[in-house]
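Examining the three-dimensional arrangement
The residues making up each chain are set out below.
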Amino acid sequence: MKKRIITSVVITVIFALIIVTSSFIVLLNINNINDAKEVLSIYNICFSKGDYTNEDLSIYKFKGNSVRFTVVNKDGDVIFDNETSILDNHKDREEIIEAFSNGTGTSVRFSKTLSVDMVYYATKINEDIVVRSSVPVNNIKIVTLGALKYYIAIVIAVFLLSLALAVKLVKIIVYPIKELEKVTAKIANGNLNKRAIIGNYDEIGLLAQTFNNMADQLETKINDSLDKQNKLEAILESMESGVIALDNNEKIILSNPYSKKIFDLQGDVIGKKISSCVIDYDFINFIRELPDINTKEIKLFHPVEREIRVKKAPIISGSKNQIGIVIAIQDITDIKRLENMRSEFVANVSHELKTPLTSIKGFSETLRYVDDSETKNKFLNIIDKEAERLTNLINDILILSNIENLHKMESGNFRPKEVIENIIDIVRKQAEKKQIKIEFINEFNNEIIGSEDKFHQLALNLIENAIKYSNENGDVKIIITSENEYFVFKVIDDGIGIPENDIPRIFERFYRVDKSRSTRGTGLGLAIVKHIVKLFNGDITVQSKLGIGSTFTVKIKINKKFNNKI
Ligand code: ADP
């Protein structure tokens, strides 16, 4: 830019100088030739007055050069010429022709006689004679060697002047443009608050002003889109669903933390192909399927077994072209598990209810045809026991559903010692039947906050189980004590114990270790215990060894408000 301005300014100035000087020279030459013609016309008159054959013609000078005089008669013969004697007929010379017809004639032309350019002036003296004077054109040209020297000096001076002018121009034009360029570069690099300085309101100033307006709008737009992006990022980060966006080449353009967790995606996955990150045939197939299938439930096996529900939607650009797809992933493992649990629970309840009912129905129908009182009594006992089992089962289901629906435990406080003594009185008969000795070690005389009824249910279930699953002459030990801030309740028996594999499942509804070992159990007792412990915000653990015995330990934080949801 700088170079171009300087060269064009210098060239323009030099060009202008050449045009002006050449036109000046041409004009001056014309003027000089006219002057010469005028002088020659006077010389012709003077010359014709004298006797030119004897006259000293050296007095006739033009710019220091001698003048050539020629006298021509009507036939064109040269009667006199002071410079040459070899002369041809001059009848055809234009100035001669003109002079004979008009009285005077001029011309500037090449002299065939002298072989130089000449300025001619011819004057008719009478009808027969024309006097013509002439000087070489060279003599009247103004550009001499001496003048050329000055001319070159002027050209150099003009060149230097135009160079200085060009540099000044560069400063005026290029400096603000350079400044504008610097600001543009800074803005392009993200420094959005930079603005161009407006020196004055010429074209460049107005350009800078327009540029600043554009930068203002750009800053507002970028800030707006940054705000939107931040909001979107915050939403995507905190979402409890996975979101993955892919371009048309199945390359990842967005993936939120939850989606990374679901598929165990490590590091930066942006720009990677989805098929190289997620190794699940069903999922990849779903992405590639036609757009009419946009929701699917898929079972994942890696990194952990999960059930997911995936949804896809096209991403449409401003020009209405599809530029990719966005996939939303929802983890429905818990929902599915709940659904399974619910249907399992219904199946279990129906099954558990059906068994005693079938038995009652069978024996009561057979009873019609039984006559002897002994069999009748036996059958009636069975019916009674099955009815009791049915009642127990329904009671347990009601208790469980009551606890499960309870969002807040009834407030109150109680002494666990009193509750346990009460339970021991209740189960004493049961224990005596199997000659089981119950020992109660009380190291906790304080009160705890919560529902006494619920604690009663909890303790009763654990103590009853200890008696139920103890052999004859067994020992059941009940301990209440405190450990740090916790109330600790232990039920220890030396009964049949629980196999190691079954321990994690004994708190599930209807789970019984071995159905033959507890024909009278409902399989709901420990499920109820677990829910009550949860209501107390406590914790229950089991230590058990097959054939040696079991210890159930409940820990509840002392002086805590128990209003937690189940
Ligand atoms: P149930 O009504 O069958 O006793 P629970 O939920 O109370 O149901 O107990 C579930 C299973 O845990 C029982 O079937 C039993 O096999 C086992 N169990 C519970 N308590 C004990 C214990 N103290 N000793 C041995 N096994 C036990």
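Positions within a chain are numbered from 1, following the residues in the order the chain's sequence is written. Thresholds applied to this predicted model are a pLDDT of at least 70 for local features of residues and 80 or more for the giving and counting of side-chain atom pairs; totals over whole chains, interfaces and linings are not thresholded and use all residues. To get the side-chain values, take all heavy atoms of the structure and skip hydrogens and water.

1. Looking at the site of the ligand
Of all residues adjacent to the ligand, which total 21 residues, the nearest are N465, Y469, D493, T522 and L526. N or O atoms closer than or at 3.5 Å make up a polar contact, with two conditions inside protein: a donor-capable atom paired with an acceptor-capable one, and, for residues adjacent in sequence, both atoms drawn from side chains. One nitrogen or oxygen atom from the main chain of G525 is found 3.3 Å from an oxygen atom belonging to the ligand. Side-chain polar atom of S550 to a nitrogen atom of the ligand: 3.4 Å apart, as the coordinates give it. Note on areas: these come from Shrake-Rupley sampling with a 1.4 Å probe, and a residue is covered only by the protein chains present in the view. Contact with the protein chains covers 99% of the free accessible surface of the ligand, which is 520 Å². In this classification, the charged set is Asp, Glu, Lys and Arg, the nonpolar set is Ala, Val, Leu, Ile, Met, Phe, Trp, Tyr, Cys and Pro, and all remaining amino acids, among them Gly, are polar. Of the residues that constitute the shell around the ligand, the class distribution is nine nonpolar, eight polar and four charged. Here a residue is considered near a molecule or strand provided that any single heavy atom belonging to it is located within 4 Å of it.

2. A word on the pattern of salt bridges
Pairing is possible between side chains that carry opposite charge, provided their charged atoms lie close to one another. Any carboxyl oxygen of Asp or Glu that lies within 4 Å of a side-chain nitrogen of Lys or Arg is treated as forming a salt bridge with it. What the rule picks out here adds up to 27 salt bridges. For E297, the salt bridge identified is with R309, shortest N-O distance 3.0 Å. With E297 in strand β10 (residues 295–300) and R309 in strand β11 (residues 306–316), the pair connects residues that are twelve residues apart, well separated along the chain. According to the relative accessible area criterion, R309 is partly exposed, its value standing at 28%. One continuous salt-bridge network, built from bridges that share partners, spans E297, R309, K336 and E339. Only DSSP runs of H or I covering at least 4 residues are called helices, and only runs of E covering at least 2 are called strands; the numbering of each starts at the N terminus. Each residue is placed in one exposure class: buried if its accessible area under a 1.4 Å probe, protein chains only, is under 20% of its type's maximum, exposed if it is over 50%, and partly exposed if it falls in between.

3. Overview of the UniProt feature "transmembrane region" (unreviewed entry) in the protein
UniProt positions are given in the numbering used here, feature names are shortened, and annotations may be inferred rather than shown by experiment. Mapped onto this numbering, the UniProt entry annotates "transmembrane region" (unreviewed entry) at residues 6–28 and 150–170. Secondary structure over residues 6–28 splits into 100% helix and 0% strand, and the C-alpha atoms at its two ends are 32 Å apart. Secondary structure across residues 150–170 divides into 100% helix and 0% strand, with the first and last C-alpha atoms of the span separated by 30 Å.

4. Here's the deal with the pairing of strand β8 (residues 242–247)
Here β8 lies mainly inside the structure; five of its six residues are buried. Pairing between strands is defined by DSSP: at least two bridges between the two strands are required. In the sheet, β8 pairs with strand β12 (residues 322–331) via six bridges, with the strands oriented antiparallel. In the strand pairing of β12, A245 is matched with V326. Between β8 and strand β9 (residues 252–255), which follow one another and run antiparallel, lie four residues, and E250 among them has a positive phi close to 65°.

5. Here's the deal with the domain arrangement of the protein
Domain annotation of the protein identifies domain 1 (2–142), domain 2 (146–220), domain 3 (239–331), domain 4 (336–401) and domain 5 (407–562). Taking the mean C-alpha position of each, domain 3 and domain 5 sit 49 Å from one another. In this entry, domain limits derive from an automatic or database-based domain assignment.

6. As for the side chain of H90
Among the secondary structure elements, H90 is positioned in the loop between β4 (78–81) and α2 (94–102). Contacts between residues were defined by any pair of non-hydrogen atoms, one from each residue, lying within 4.5 Å. Sequence-distant contacts of H90, that is, excluding residues within four places in its chain, are made with R68, V72, G76, V78, I96, T113 and R132.

7. Some words on the pairing of strand β6 (residues 117–124)
Burial runs high along β6: six of the eight residues are buried. Note: strand β5 (residues 104–110) against β6, seven bridges, orientation antiparallel. Following the sheet pairing, T104 is matched in β6 by T123. Between the antiparallel neighbours β5 and β6 lie six residues, among them S115 with a positive phi of about 60°.

8. Observations regarding the nonpolar core
Joining through side-chain atoms within 4.5 Å is the link that ties buried Ala, Val, Leu, Ile, Met, Phe, Trp, Tyr and Cys residues into a set, and such a set is a nonpolar core. If you look at the biggest cluster of nonpolar residues, it comprises 51 residues, and the most contacted ones within it are F455, L458, L462, I463, F489 and F552. Counting only elements with at least two residues in this core, the list comes to α10 (373–405), α11 (416–433), α12 (452–468), β16 (475–483), β17 (486–493), α13 (525–535), β18 (539–545) and β19 (549–557). It is α12 that contributes the most residues to this core, eight residues altogether.

9. Looking at a nonpolar patch on the surface
Surface patches are drawn from residues lacking salt bridges whose relative accessible area is over 30%; two like charges belong together within 9 Å, two nonpolar side chains (Val, Leu, Ile, Met, Phe, Trp, Tyr) within 5 Å. There is a patch of nonpolar side chains on the surface, built from L148, I152, I156, F159, L160 and L163 and spanning about 510 Å² of accessible area. Among the structural elements, L148 can be located in helix α4 (residues 145–188).

10. Observations regarding the sheet that holds β11
If you trace the five strands from one edge of the open sheet to the other, you get β9-β8-β12-β11-β10, paired in antiparallel fashion. At either end of the open sheet lies a strand with only one pairing partner, and these are β9 and β10. Going from strand to strand, the sheet's axes swing by 25° on average, the running direction of each strand aside. To get an axis, fit a line to the C-alpha atoms, keeping to the stretch in contact for a helix; angles then go from 0 to 180 degrees between the N-to-C directions.

11. What to know about the side chain of R306
By the secondary structure assignment, R306 is in strand β11. Classification of R306 as buried rests on a relative accessible area of 14%. Each residue touching R306, except ones within four places of it in the same chain, is listed here: K261, I262, I298, K299, L300, D331 and T333.

12. Considerations on the layout of surface pockets
Detection works on a 1 Å grid of protein atoms alone, calling trapped sets that fit a 1.4 Å probe cavities and calling open sets with protein on both sides within 12 Å along at least five of seven lines pockets, with lining residues defined by an atom within 4 Å of a point. Grid points are joined across faces, edges and corners, and a volume is the space filled by probe spheres set on the points. In this structure, the second largest pocket spans a volume of roughly 720 Å³. Taken together, 24 residues line the second largest pocket, and the ones lying closest to its centre are M341, E404, R509, K530 and H531. Of all elements in the fold, only α9 (333–367) and α13 reach the threshold of two or more residues within the lining of the second largest pocket. When residues of the lining of the second largest pocket are assigned to domains, at least three map to each of domain 4 (336–401) and domain 5 (407–562).

13. Digging into unusual backbone geometry
Here the residue pair H302 and P303 is connected by a cis peptide bond, since its omega of -5° sits within 30 degrees of zero. Counting through the fold element by element, P303 comes out in the loop between β10 and β11. You will see that D264, though not glycine, has its phi angle at about 55°, which is positive. Counting through the fold element by element, D264 comes out in the loop between α6 (257–263) and α7 (274–277).

14. So, the sheet that holds strand β7 (residues 129–136)
Pairing is antiparallel across the open sheet formed by five strands, whose spatial order is β4-β3-β7-β6-β5. Whereas interior strands pair on both sides, the edge strands pair on one side only; in this sheet they are β4 and β5. Neighbour-to-neighbour, the strand axes of the sheet open up by a mean angle of 20°, direction not taken into account. Where helix α1 (residues 2–49) meets the sheet, its contacts fall on β3 (68–73), β4, β5, β6 and β7, and the angle it forms with β6 comes to roughly 45°. α2 contacts β3, β5, β6 and β7 of the sheet and is inclined by roughly 175° relative to β5.

15. Considerations on the packing of α12 against α13
At a closest axis distance of 9 Å, the pairing of α12 and α13 adopts a crossing angle of 145°. Crossing of α12 over α13 shows left-handed handedness. Facing K454, Q457, L458, N461, L462 and N465 of α12, the residues of α13 in contact are G525, L526, I528, V529, I532, V533 and L535. In terms of residue class, the contact of α12 with α13 is made up of eight nonpolar, four polar and one charged. A clockwise turn of the near helix away from the far one marks a right-handed crossing, whereas an anticlockwise turn of less than a right angle marks a left-handed crossing.

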